[in-house]
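Report on the structure
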Amino acid sequence: MGKRALIIAIVGLLLLLVGLPGLVDRLTHGLLNVGYGAPVPWAMWVAVYIYFIGLSAGAFLISSLVYVFGMKQFERIGRLALFTALASLLTALLFIWFDLGHMERFFFVFTRPSFTSPLAWIVWLYTLYLLLLLAEIWFVMRPSFVRGGEGKGFKASLYRFLTFGVRDLSPRAMERDRKIVRILGTIGVPLAIAFHGGTGTVFAVTVARAYWYTGLFPIMFLVSALASGGALLTTIVAFVLPNGLGEHREEVIGLGRLLVLLLFVDFLMEIAEILVSLYGTVPAHFIPIREQLFGPNWWIFWILGMGMALVGPMLILTFPGRRSAVWTGIAGLLATIGFIGIRWNIVLPGFAVEELPGIGRAFVEPHWVYGFYIPSATEWGVTLFSVGVGVLILALGFWLLPLRAEEVAA
Amino acid sequence: MSVETMVKSVLLRMYEDLDRALKKPVHERHWGMVIDTRKCVGCNSCTVACKAENKLPPGVVYNVVIDEEFGTYPNVARRFISRPCLHCQNPPCVRVCPVNATYKRPDGIVVIDYDDCIGCRYCISACPYGARSFDFGNFYTVGQTPEVMPWDVMPSFEYGEEQRRDPRNPWRSPIGNTRKCHFCLHRLEKGMLPACVTTCIGQARIFGDLNDPESLVAQLAASPRAIRLKEELGTDPSVYYLL
């Protein structure tokens, strides 16, 4: 295991252990000790879930630049992008699973499906996407499994197993694999657009919450998915790959150029939403925006969202980042963290307005409190645990799988 | 006619309407409610009756009474909007459910099947009236006071089944489910009015079959004083308010 993979593994393990008490409480007491309630039915776990789903969609769509659109420039990070998409997807699914009141019934979405629910649709699409991702990763890595399986030791026997007996490396077989990967990737692009646009649609069709009820919402989801996925990939290539800033300088700077464009489009959409809503006189439209900009959680919008996710990285990428891989990496890191704020501000302001004026004062009991939400210790615990699982999956990939360019040639 | 007989006659009339409706096939009924805001004094007894009837735990509330104040001193007034589930005929909560656990019955009542609900809370997000709550597994006395009160662990009889909440098992329904007003369906099926209707001290709540032109509820719903909440959303609620 490389030194950096070890560091990531240790970070993942620490997160997992710190969060473990929260997980235990979640499993033994259900949702008893969460900070949200009926007035705020979706909270931190949902925000983090859409964050990771966005990372996955973004990373996958960037991998399609290599495998569908044949951009040689990013060829060496194609596998990394695919595996990042897988790790993010699994983390996201973990979050939304823990959020269910009855985790043991999740499969009902397959056994008693509702075709009118966007939520059901996206779960089916996630499932298809997961299968497609696994298949694409296998086809991309198969040559490395075959070659790596020739030696001795644990890794070699694992690779031998992972070939599933398909050891043909003739030019014809390789050409067939490339073709399959291109087909899978080509199916994957509309699939990724559908499942992430669909995630936005879950919110956008909610007529009860004027803040979400706009046609721009699913599109914003997609653009910010691309931006956040690109930012995460930039960070990983620059700072996690051994000598990423040197060896992968071209990829980092190339990703940076892509990132600045995506951030700009996302920024435009944010501004459009904010200005249109603020201009009007409809409280259900402007209160969620006003709360974001000037409410007690103003820093989530200004510091995380505008500062770290959008404007800061855009400035860095436009000036020092144009030629410097270090600066591009820093911009990517800032945006990766900042987008958590953007995701938070997608979910929580939706509940800033009482459904009926005065309902918040009509009744007060545990889990029935309007206009106030802070994540509980249980929520933080489960969050750290699940992120830890995601980080460990990534570390495991770095340790065991042929994710890196050098290993392609080996 | 004394006030007592007037009050009695409203109740009696509602029971006659109810009997007539129950004789019809279920799909020919449309249960609905009219709430007269001028008769409501904001005493919250509907909320209390509902809590007691359905043994609702902390955080689960099917009915609320919203207290609004108007004007500046000395010209002030209050208005009370008591809000059960409005049992929309085009319910936004139903179509977002990923597993068909919540649905509209042929008689117009929007119900939840506790054994099917996965607890995703999409319906709560989708309800424009804040009418749905979630059972997080809280108890009033279990773990809160030295002695566990018997009423705290007694079963309710929602949907005609014994619904027993288990303090030691958060995986057992109805804990972990969305819960909502069902117009006391278990009482209706036994020929009784919803608990909130029988308890209302001002007879502000009128219940019955909106499909029956002879019923009191249908006649009051046709009044020019009658409005429905957020009608512009196209939800078509079965609860009317007389202003």
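About the thresholds
Residues numbered from 1 in each chain as written. Chains lettered and ligands numbered in written order. Predicted model: local features only at pLDDT ≥ 70, side-chain atom pairs only at ≥ 80, totals over all residues. Helix = DSSP H or I, 4+ residues; strand = E, 2+ residues; numbered from the N terminus. Contact = placed C-beta atoms within 7 Å. Rg over C-alpha atoms; globule rule 2.2 N^0.38 Å. Buried ≥ 20, exposed ≤ 12 C-beta atoms within 10 Å, placed from the backbone. Axes fitted to C-alpha atoms, helices over the stretch in contact; angles between N-to-C directions. Parallel < 35°, antiparallel > 145°, perpendicular 65-115°, else oblique. Left-handed = near helix turned anticlockwise from the far one by under 90°. Nonpolar A, V, L, I, M, F, W, Y, C, P; charged D, E, K, R; others polar. Pairing = 2+ DSSP bridges. Expected span 1.5 Å × (residues − 1). Bend = angle between axes of the 7 residues up to and from the residue. pLDDT = per-residue confidence, 0-100.

This next bit is on the overall build of chain B. Helix and strand content of chain B: seven helices and 10 strands. Principal-axis analysis of the C-alpha atoms gives chain B an extent of 55 × 50 × 35 Å. Of all intrachain contacts in chain B linking residues separated by at least 6 positions in sequence, the fraction that spans at least 24 positions is 64%.

When helices and strands are tallied, chain A shows 16 helices and zero strands. Whereas a compact globule of 410 residues would reach a radius of gyration of roughly 22 Å, chain A reaches 22 Å, a difference of no more than 12%. Judged by the C-alpha coordinates and their principal axes, chain A covers about 70 × 50 × 40 Å. Evaluated residue by residue, chain A yields a buried proportion of 54% over its 410 residues. In chain A, once contacts between residues fewer than 6 apart in sequence are set aside, the share between residues at least 24 apart is 80%.

The next point concerns the packing of helix α10 (residues 249-279) of chain A against helix α13 (residues 325-347) of chain A. All names here are of chain A. Where α10 contacts α13, the axes come no closer than 9 Å and their chain directions differ by 45°. Relative to α13, the element α10 lies oblique. As α10 runs across α13, the sense of the crossing is left-handed. On α13, the residues touching Arg 249, Val 252, Ile 253, Gly 256, Leu 259 and Leu 263 of α10 are Ala 325, Thr 328, Gly 329, Ala 331, Gly 332 and Ala 335. Looking at the contact of α10 with α13 residue by residue, the class counts come to seven nonpolar, four polar and one charged.

A few words on the sheet that holds strand β9 (residues 226-227) of chain B. All names here are of chain B. Taking strand neighbours across the sheet as the criterion, the four strands line up as β8-β1-β10-β9 in an open arrangement whose pairing is mixed. Since the sheet does not close on itself, it has two edges, and those belong to β8 (205-209) and β9, each with one partner. As defined by bridge partners, strand β1 (residues 31-36) adjoins strand β10 (residues 239-242) across four bridges and the pair is classed as parallel. Pairing of Val 34 across the sheet is with Tyr 240, part of β10.

Another aspect to go through is the interface of chain B and chain A. Accessible area lost on assembly of the parts is the figure often given for the size of an interface. The interface is formed by 44 residues belonging to chain B together with 39 residues belonging to chain A. Of all elements in the fold, only β2 (64-72), β3 (75-83), α3 (92-96), α4 (122-126) and β6 (132-134) of chain B reach the threshold of two or more residues within the side of chain B that touches chain A. The dominant element in the side of chain B that touches chain A, judged by the number of residues it contributes, is β2(B), at five residues. Partitioning the side of chain B that touches chain A into residue classes produces 27 nonpolar, 10 polar and seven charged.

This next bit is on helix α3 (residues 78-98) of chain A. The terminal C-alpha atoms of α3(A), which comprises 21 residues, lie 31 Å apart, in line with the 30 Å expected from a rise of 1.5 Å per residue. Among the 21 residues in α3(A), 19 count as buried, and that is most of the element.

Quick look at the pairing of β2(B) now. Residues and elements named next belong to chain B. In this structure, β2 lies alongside β3, joined through nine bridges in antiparallel fashion. Directly across from Ile 66, in β3, lies its bridge partner Ile 81. The loop that links β2 with its antiparallel partner β3 comprises two residues.

Attention now goes to the pairing of β8(B). All names here are of chain B. Most of β8 sits inside the fold, with five of its five residues counted as buried. Note that β1 and β8 share five bridges and pair antiparallel. The residue bridging Gly 32 from the neighbouring strand is Gly 208, located in β8.

As a further point, take the packing of helix α8 (residues 216-240) of chain A against α10(A). Residue and element names in this part refer to chain A. Viewed as axis vectors pointing N to C, α8 and α10 meet at an angle of 150°, and their least axial separation amounts to 9 Å. It follows that α8 is roughly antiparallel to α10 by the angle criterion. As for how α8 packs across α10, the hand of that crossing is left-handed. Among the residues making up the contact of α8 with α10, the classes are represented as 19 nonpolar, four polar and three charged.

All names here are of chain A. Under the 1.5 Å per step criterion, the end-to-end length of α13 is 34 Å for 23 residues, consistent within 8% with the ideal 33 Å. Along α13, the helix axis deviates most sharply at Ile 337, where the bend reaches about 25°. For α13, a buried count of 20 out of 23 residues is recorded, marking the element as mostly surrounded by other parts of the structure.

Attention now goes to the environment of B:Thr47. Residue and element names in this part refer to chain B. Within the secondary structure, Thr 47 sits in helix α2 (residues 45-53). Overall, Thr 47 belongs to the buried group, with 22 C-beta atoms counted inside 10 Å. A sequence separation of 152 residues divides Thr 47 from Thr 199, and the C-alpha atoms of the two residues are 9.8 Å apart.

This part is about unusual backbone geometry. All names here are of chain B. Here the amide bond leading from Tyr 73 into Pro 74 is cis, since omega sits at 5°, within 30 degrees of zero. Secondary-structure assignment places Pro 74 in the loop between β2 and β3. Of note, Gln 203 is a non-glycine position whose phi angle comes to about 55°, a positive value. You can see Gln 203 is positioned in the loop between α6 (195-199) and β8. With 17 C-beta atoms packed within 10 Å, Gln 203 lands in the partly exposed category.

It is worth spelling out the confidence of the model for chain B at this point. Keep in mind that low pLDDT regions are not for reading the predicted coordinates in detail. Of the residues in chain B, 97% reach a pLDDT of 70 or more, and the chain-wide mean stands at 94. With a pTM of 0.94, the predicted complex shows an ipTM of 0.93.

Residue and element names in this part refer to chain A. Take Gly 312: it is sitting in helix α12 (residues 298-318). The sequence separation of Gly 312 and Ala 331 amounts to 19 residues, and the corresponding C-alpha distance is 7.4 Å. The contacts of Gly 312, once residues within four sequence positions are left out, are Gly 307 and Leu 334.

This paragraph deals with the environment of B:Phe207. Residue and element names in this part refer to chain B. Within the secondary structure layout, Phe 207 lies in strand β8. When the C-alpha atoms of Phe 207 and Arg 83 are compared, they prove to be 14 Å apart, with 124 residues separating the residues in sequence. Beyond its immediate stretch of four places on either side in the chain, Phe 207 contacts Met 14, Met 33, Leu 193, Pro 194, Val 197 and Val 217.

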